[in-house]
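The lines below spell out each chain.
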Amino acid sequence: MTQTTGNGAAVVLTGAVKTFGRPGQRVRAVDGIGLTVERGETVALLGRNGAGKSTAISLLLGLNEPDAGSVRVLGRTPEQAVRAGLVGAMLQDGRPIQRVTVRELITFVASTYPRPLPVAEALDLAGVAEYANRRIDKLSGGQIQRVRFAVALAGNPELIVLDEPTAALDVEGRHAFWQSMRAYARRGNTVLFSTHYLEEADENADRIVVIDRGRIVADGSGEAIKAAAGHSQVSFDLGGRSTEGLELLPGVVTVEVTGDRAVLHTDDSDTTVVELARLGMVRGLQVSVATLEAAFLSLTAPAAGASRPAKESV
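What counts, and at which threshold
- Residues numbered from 1 in each chain as written.
- Predicted model: local features only at pLDDT ≥ 70, side-chain atom pairs only at ≥ 80, totals over all residues.
- Heavy atoms only, no water.
- Helix = DSSP H or I, 4+ residues; strand = E, 2+ residues; numbered from the N terminus.
- Contact = heavy atoms within 4.5 Å.
- Areas by Shrake-Rupley, 256 points an atom, 1.4 Å probe, with all protein chains shown as cover.
- Lys, Arg positive; Asp, Glu negative; His and termini not counted.
- Charge placed at Lys NZ, Arg CZ, Asp CG, Glu CD.
- Axes fitted to C-alpha atoms, helices over the stretch in contact; angles between N-to-C directions.
- Parallel < 35°, antiparallel > 145°, perpendicular 65-115°, else oblique.
- Left-handed = near helix turned anticlockwise from the far one by under 90°.
- Nonpolar A, V, L, I, M, F, W, Y, C, P; charged D, E, K, R; others polar.
- Pairing = 2+ DSSP bridges.
- Buried < 20%, exposed > 50% of the residue type's maximum accessible area, 1.4 Å probe, protein only.
- Core = buried A, V, L, I, M, F, W, Y, C linked by side-chain atoms within 4.5 Å.

A.B. asks: Sorry, what's going on with the overall build of the protein here?
C.D. replies: Assigned secondary structure in the protein consists of 10 helices and 13 strands. In terms of its C-alpha atoms, the protein occupies a principal-axis envelope of roughly 70 × 45 × 35 Å. Within the protein, residue pairs in contact and separated by at least 24 positions form 69% of the contacts whose partners lie at least 6 positions apart. Just so you have it, the protein exposes about 14700 Å², and 50% of that area is on carbon and sulfur atoms. The average position of the 33 basic charges and that of the 36 acidic charges among the side chains of the protein differ by 7 Å.

A.B. asks: Teacher, can you tell me more about the packing of helix α8 (residues 222–229) against helix α10 (residues 292–299) here?
C.D. replies: When two helices pack together, their arrangement is given by the angle between the helix axes and by the axis-to-axis distance. Across the interface, α8 lies against α10 with an axial gap of 9 Å and an inter-helix angle of 60°. It follows from the interaxial angle that α8 and α10 lie oblique. Handedness of the crossing formed by α8 with α10: left-handed. Along the contact surface, α8 presents Ile225, Lys226 and Ala229, while α10 presents Leu292, Ala295 and Leu299. Broken down by class, the residue content of the contact of α8 with α10 amounts to 5 nonpolar, no polar and 1 charged.

A.B. asks: How should the environment of phenylalanine 177 be read in this particular structure?
C.D. replies: Looking at the secondary structure, you find phenylalanine 177 in helix α6 (residues 171–185). A sequence separation of 118 residues divides phenylalanine 177 from alanine 295, and the C-alpha atoms of the two residues are 26 Å apart. Excluding anything up to four places from it in sequence, phenylalanine 177 contacts Met90, Phe149, Leu162, Pro165, Thr166 and Leu169.

A.B. asks: In this structure, what is going on with the sheet that holds strand β8 (residues 207–212)? I would like to understand it.
C.D. replies: One key point about sheets: their strands pair by backbone hydrogen bonds, in either a parallel or an antiparallel sense. Pairing in this open sheet of 6 strands is mixed, and the strands run β5-β6-β7-β3-β8-β9 from one edge to the other. Strands at the two margins of the open sheet, each flanked by one partner only, are β5 (87–90) and β9 (215–220). Each strand axis lies, on average, 15° off the axis of its neighbour in the sheet, ignoring direction. As defined by bridge partners, β8 adjoins β9 across 5 bridges and the pair is classed as antiparallel. Looking across to β9, one finds that valine 210 is bridged to alanine 218. Helix-sheet contacts for helix α5 (residues 141–153) involve β5 and β6 (159–163), and the interaxial angle to β5 is about 165°.

A.B. asks: Looking at this structure, how should I read unusual backbone geometry?
C.D. replies: Residues apart from glycine generally show negative phi values, whereas peptide bonds are mostly found in trans. In this structure, asparagine 156 takes a positive phi of about 60° despite not being glycine. Judged by its relative accessible area of 6%, asparagine 156 falls in the buried class. Residue arginine 213 is not a glycine yet carries a positive backbone phi of 55°. Its place among the elements puts arginine 213 in the loop between β8 and β9.

A.B. asks: Mind showing me how you'd approach the side chain of threonine 42 here?
C.D. replies: By the element assignment, threonine 42 lies in strand β3 (residues 42–46). Its relative accessible area of 5% is what places threonine 42 among the buried residues. Setting aside its immediate chain neighbours within four residues, threonine 42 contacts Met181, Ala185, Val191, Phe193, Asn204, Ala205, Asp206 and Arg207.

A.B. asks: How should I be thinking about the nonpolar core in this particular structure?
C.D. replies: Note on soluble globular proteins: their nonpolar side chains tend to be buried together. Among the nonpolar cores identified, the biggest contains 48 residues, and Val102, Phe149, Leu162 and Ile208 are the most heavily contacted of them. With residues near it in sequence (within four places) discarded, leucine 162 still touches Ile57, Met90, Phe149, Phe177, Met181, Val191, Leu192, Phe193 and Ser194.

A.B. asks: Which parts of the structure should I look at to understand the sheet that holds strand β12 (residues 261–266)?
C.D. replies: With antiparallel pairing, the 4 strands of this open sheet are ordered in space as β11-β12-β10-β13. The open sheet has two edge strands, β11 (252–258) and β13 (286–288), and neither has a second partner. Taking the axes of each pair of neighbouring strands and ignoring which way they run, one obtains an average angle of 20° across the sheet. As paired strands, β11 and β12 are joined by 6 bridges and run antiparallel to one another. Within the sheet, the bridge partner assigned to threonine 254 lies in β12 and is histidine 265.

A.B. asks: Where do I start with the pairing of β3 in this structure?
C.D. replies: Across a regular strand the side chains alternate sides, sitting on one face of the sheet and then on the other. With 5 of its 5 residues buried, β3 lies for the most part within the structure. Burial of the side chains of β3 extends over both faces: Thr42, Ala44 and Leu46 are buried on one face and Val43 and Leu45 on the other. Bridge count for β3 against strand β7 (residues 190–194) is 4 bridges, and the pairing is parallel. Looking across to β7, one finds that threonine 42 is bridged to valine 191. The sheet contact formed by β3 and β8 spans 4 bridges and is parallel. When the bridges of β8 are listed, valine 43 appears paired with arginine 207.

The structure is reproduced here in structure tokens:
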């Protein structure tokens, strides 16, 4: 059974700010974020590369300290929560120790925590029990990723933080991973994960937080975010015609072109379709309701905020 630490939110960021770079070339990776994650929630962080997701995660794990604002994890400072074994993390970088078996690794990691999860339970929950006696260096990439999940579970954390946990996994590996994650969440634990896979967020999160340019631009269920974006998709075949001016059509927010087909994200599909009809651009015309991808593109489009800062790996 997972340890509990009383009442209160699992994560609270209040006006958190973090800046990197030299004077004159500073990048504000996290720009006054305020975020509360309640205990037992599964929350997804979405954002483009450099939006600030990984920096926000580093703040709540105590890997970086905010320049301004505050961060509390399970009622403690991040360092205190991690030291007490209340937080497990699976970051993008790092690889488990080689030349030891999976069981030996998890046993060692568990021994470093004050109230660890029984090793057999951690292996089973992460879905690695069947190859627990195999050496790490003999495993596939997908199997190693699940071993990293077992390492994050070994301390019996109440909160687990996953930074792009299924990056580079195939479809089958991603499906197996999320089965394990949901089993962990069903125990009443809190999960915070970042991902580039929008369908993962829609399928596995109770709540989605969209970060752009270091700020939160949307926060709610997948359905709520799609509804708030209020955009539909109008797609049609170009038939060899130019795409010039499509972004200027009434209602159009963003334009995507793949091959000879254009997809217009619009906040007034009726008006957009009428104008397309006037222009004779109705070949293969389809209108569909907003998707999470369409909402995300709208929320993070360059026109949605100030000019984008210089690229940074945060």
